[in-house]
Amino acid sequence: MVGTTHHRLNINITRLTPSATLAINEQCQTMIDEGKQVFRLGFGQSPFPVPQIVVDELKKQAHQKAYLPVKGFLPLRQAISDYFQRTEQLSYSAEQIMIGPGTKELMFILQSVLESELILPSPSWVSYAPQADILSREVTWLPGDLVSEPDLIPAALDQICADNPTKPRLLVLNYPLNPTGATYNEQQLEKIAERARHYGLIVLSDEIYSGLHFRGEHCSIARYYPEGTIISNGLSKWSGAGGWRLGAFAFPKELDDLRLAMTVMATETFSAVTSPVQYAAIKAFEPSDDMDAYLDTSRMILESLLNHSYQQLLAAGAQLCQPEGGFYLFPKVDHLAQRLGINNSVALCSAVLAETGVAVLPGSAFGRPANELSMRIACVDFDGAQAMAAASELSQLPDGFIQQHCGRTVEAIDRLSKWFLR
Ligand SMILES: Cc1ncc(COP(=O)(O)O)c(C=O)c1O
């Protein structure tokens with residue numbers, strides 16, 4: 001018959017709904033198109049511009065047109081290997097670094113070349129589990145509320161792994177954590193590393209927010225479990241360049257077979273990351289006064305805004321972790337269930353959006369039980385370029401700075417807090 005194709009969609013795809021983060025972004029856009037006021041605290045995009053030295057380099061390198069090596073441009077891989085040496089005292093040769101079009105793509109390729117059960121603490125970022133679902137990999141959420149009790153992770157690993165200790169497993173740890181803003185301290189990382197080694201787990205250490213640790217004190221689990229850890233990092237968050245699509249993995253020598261398998265997959269899928277972006281990214285990873293100043297200013301603004309927001313939500317009766325890095329907060333308001341007549345996080349976020357104009361994401365998208373009244377807040381609705389320009393010469397923010405320069409987020413948190421207290 002003319003105009004009819006014979007096709008069948010992959011059942012694993014049809015079972016998935018579009019990523020919650022992208023869906024809320026579209027919903028906000030629709031409301032904005034209708035002339036409604038929306039505070040965009042759903043989508044986790046850096047509010048800050050890409051550092052000027054990185055932008056200038058991209059302009060200079062715009063003529064680079066050749067395909068670069070599948071593994072990535074060697075000078076960039078060398079700059080990243082130097083970066084890990086400088087920031088973490090971890091030694092990777094350039095050969096052990098792989099560049100991809102965003103870490104999300106590298107994570108998908110990792111899960112596709114591994115036949116492993118995926119182990120996730122709850123809450124976790126929204127895309128790890130759907131990627132496993134697409135690939136028909138088993139997903140196991142560690143039991144317990146690990147939001148408030150990260151010390152329980154080693155025991156939770158025992159609970160999952162002890163019965164079948166040699167089963168191939170991939171544990172994904174993200175810190176500073178999207179969605180809670182918390183991170184793991186060195187003792188916690190050491191204990192998780194000890195259990196991971198015991199069970200021969202591969203740890204994917206998602207450190208995409210490392211550069212936004214408020215005190216610049218991020219520490220990688222690779223320091224305690226180098227032979228089994230793959231570090232994931234990139235330009236998207238601390239360098240404000242999510243749309244440039246550049247991510248990197250650092251592999252231990254012990255996982256060379258895995259790195260090579262990923263390179264084969266890369267050859268047959270994305271080929272190489274955009275050449276000018278790879279040239280420019282070197283400037284983000286190399287040490288420079290410009291990058292130091294950019295990171296110091298980003299951290300100072302985020303720390304002040306996140307702490308202010310944390311205090312306000314806490315005073316409004318929400319339960320949440322004290323943020324230590326990144327953009328996010330993850331309040332729980334289970335005590336409001338009866339008063340609001342709401343019994344799940346999706347309905348909660350929909351009511352919040354309708355009644356306050358504040359867009360946030362439901363806790364269920366992050367692996368929390370559907371009936372937990374939790375939400376992820378991304379404190380990013382402000383003009384980051386303007387805030388950064390105002391803060392650039394300051395070593396400390398004056399009183400009133402965030403009200404003046406991050407006003408939309410401050411107002412959104414205020415509206416949300418009042419709504420919780422109604
Ligand atoms: C925890 C976490 N990991 C990974 C990513 C993906 O980053 P990329 O832009 O490198 O694909 C994100 C993006 O939101 C994230 O929040």
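Residues numbered from 1 in each chain as written. Predicted model: local features only at pLDDT ≥ 70, side-chain atom pairs only at ≥ 80, totals over all residues.

K.L.:
Is there a simple way to think about the environment of Phe-401 in this case?
P.N.:
Tracing the sequence through the fold places Phe-401 in helix H15 (residues 401-405). Separated by 96 residues in sequence, Phe-401 and Leu-305 have C-alpha atoms that sit 9.2 Å apart. (Helix = DSSP H or I, 4+ residues; strand = E, 2+ residues; numbered from the N terminus.)

K.L.:
Can you help me understand the domain arrangement of the chain in this one?
P.N.:
Note: interface size is frequently given as the accessible area lost on complex formation between the parts. When its domains are assigned, the chain resolves into domain 1 (11-49 + 290-421) and domain 2 (64-286). Here the C-alpha centroids of domain 1 and domain 2 sit 25 Å apart. On the domain 2 side, the residues contacting the 33 residues of domain 1 number 32 residues. Ranked by the residues each element gives to the side of domain 1 that touches domain 2, the list is headed by helix H11 (residues 289-315), at 7 residues. (Domains from an automatic or database assignment. Contact = placed C-beta atoms within 7 Å.)

K.L.:
Help me understand the pairing of strand S8 (residues 247-250), please; the structure alone is not making it clear to me.
P.N.:
Here is the key point about a regular strand: its side chains alternate between the two faces of the sheet. Alternating positions in S8 separate into two faces, Gly-247 and Phe-249 on one and Ala-248 and Ala-250 on the other, with burial throughout. In this sheet, S8 lies alongside strand S7 (residues 229-234) in antiparallel orientation, the contact comprising 4 bridges. Bridge pairing in S8 links Asn-233 to Ala-248. (Buried ≥ 20, exposed ≤ 12 C-beta atoms within 10 Å, placed from the backbone. Pairing = 2+ DSSP bridges.)

K.L.:
Is there a simple way to explain the environment of Val-55 in this structure?
P.N.:
Residue placement: Val-55 occurs in helix H3 (residues 52-60). Val-55 sits 225 residues away from Ala-280 along the chain, and the two C-alpha atoms are 7.2 Å apart.

K.L.:
Before we go on, may I ask you to explain the sheet that holds strand S9 (residues 328-329) in this structure?
P.N.:
Backbone-to-backbone hydrogen bonds join strands into a sheet, with any given pair of strands oriented parallel or antiparallel. Strand order across the open sheet formed by 3 strands is S9-S12-S11, with antiparallel pairing between neighbours. Single-partner strands in this sheet number two, and they are S9 and strand S11 (361-362). Examined bridge by bridge, S9 and strand S12 (residues 375-378) share 2 bridges and lie antiparallel to one another. The residue bridging Leu-329 from the neighbouring strand is Ile-377, located in S12.

K.L.:
Would you explain the packing of helix H7 (residues 153-161) against helix H8 (residues 186-198) in this entry?
P.N.:
At a minimum axis separation of 9 Å, H7 and H8 run at an interaxial angle of 15 degrees. Classified by the angle their axes make, H7 and H8 are roughly parallel. By crossing handedness, the relation of H7 to H8 is classed as right-handed. Counted together, Ile-153, Pro-154, Leu-157 and Asp-158 of H7 and Lys-191, Ile-192 and Arg-195 of H8 form the full contact between these two elements. (Axes fitted to C-alpha atoms, helices over the stretch in contact; angles between N-to-C directions. Parallel < 35°, antiparallel > 145°, perpendicular 65-115°, else oblique. Left-handed = near helix turned anticlockwise from the far one by under 90°.)

K.L.:
Quick question: what am I supposed to make of the sheet that holds strand S5 (residues 169-174) here?
P.N.:
The strand order across the open sheet formed by 7 strands is S2-S8-S7-S6-S5-S3-S4, and the pairing between neighbours is mixed. Only two strands of the sheet have a single neighbouring strand rather than two, namely strand S2 (97-100) and strand S4 (139-141). Shown here is a sheet whose adjacent strand axes are inclined to one another by a mean of 20 degrees, direction ignored. Both S5 and strand S6 (residues 202-206) contribute to a ladder of 5 bridges, which runs parallel. Looking across to S6, one finds that Asn-174 is bridged to Asp-206.

K.L.:
Looking at this structure, how should I read the pairing of strand S3 (residues 117-120)?
P.N.:
For S3 and S5, the ladder comprises 3 bridges, and the chain directions are parallel. By the bridge assignment, Glu-117 is partnered in S5 with Arg-169. Examined bridge by bridge, S3 and S4 share 3 bridges and lie parallel to one another. Looking across to S4, one finds that Leu-120 is bridged to Trp-141. Read as a crossover between parallel neighbours, the route from S3 over helix H6 (residues 128-134) to S4 is right-handed. (Right-handed = clockwise from strand over helix to strand, strands pointing away.)

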